[in-house]
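Residue-level listing of the chains:
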Amino acid sequence: IRAEAIQLGVDQNPPSEKEIQDRMIRAIAMEGTAILKEGLAIRSSDLDIIWVNGYGFPRWLGGPMHSLLKQLYFGKIKALRINLLGNLPVDSLY
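Now for a description of the structure that goes with this document.

Scoring rules and cut-offs
Residues numbered from 1 in each chain as written. Predicted model: local features only at pLDDT ≥ 70, side-chain atom pairs only at ≥ 80, totals over all residues. Heavy atoms only, no water. Salt bridge = Lys/Arg side-chain N within 4 Å of Asp/Glu carboxyl O. Helix = DSSP H or I, 4+ residues; strand = E, 2+ residues; numbered from the N terminus. Buried < 20%, exposed > 50% of the residue type's maximum accessible area, 1.4 Å probe, protein only. Contact = heavy atoms within 4.5 Å. Expected span 1.5 Å × (residues − 1). Arc of directions from axis to C-beta.

## Focus: the pattern of salt bridges
- Taken as a whole and judged by the stated rule, the model has three salt bridges.
- With a closest N to O distance of 2.7 Å, Arg23 and Glu19 form a salt bridge. In this pair, Arg23 and Glu19 both sit in helix α2 (residues 17-38), four residues apart, roughly one turn of the helix.
- Under the relative-accessibility criterion, Glu19 is labelled partly exposed at 34%.

Written out as structure tokens, the structure is:
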């Protein structure tokens, strides 16, 4: 498998703890999105309440739906800043 990965140029580094957490939250949130589309839940916050109170999702993260929305929001803000300013450090704006 490694030889084939090297030949194809596929990175074989193990994922970081943060990457594993992000993938898990995304998977949970994607399932939550499907549940919302099916009409089984009214609001994404309803799903977050179930995850926090029923499954023990870390309360300080606000639930998987909230966590994903926050990641998407800050990702868009970062992308917008890079588009407008390039890689100019934020400190240089003050």
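## A closer look at the side chain of Ser67
- Here Ser67 is to be found in helix α4 (residues 64-85).
- Of the residues examined, Ser67 reaches a relative accessible area of 5% and is grouped as buried.
- The residues contacting Ser67, other than those within four sequence positions of it, are Ile25 and Leu61.

## Quick notes on the environment of Arg59
- Assignment of secondary structure puts Arg59 in the loop between α3 (44-54) and α4.
- Judged by its relative accessible area of 60%, Arg59 is exposed.
- Beyond its immediate chain neighbours, meaning those up to four positions away, Arg59 contacts Val52 and Asn53.

## A word on the environment of Ala41
- Structurally, Ala41 can be placed in the loop between α2 and α3.
- Residues contacting Ala41, with those up to four places away along its chain left out, are Ile35, Leu36 and Leu47.

## A few points about α2
- Across its 22 residues, α2 extends 32 Å between first and last C-alpha, which sits within 8% of the 32 Å expected from 1.5 Å per residue.
- Considered for burial, the residues of α2 that qualify are Asp22, Ile25, Ile28, Ala29 and Gly32. Down the axis, α2 shows its buried residues gathered within 135° of arc, on one side only. The exposed residues of α2 that point more than 90 degrees off its buried face are Met24, Met30, Glu31, Lys37 and Glu38.
- Among the residues trailing α2, Gly39 stands out with phi positive, at a value near 80°.

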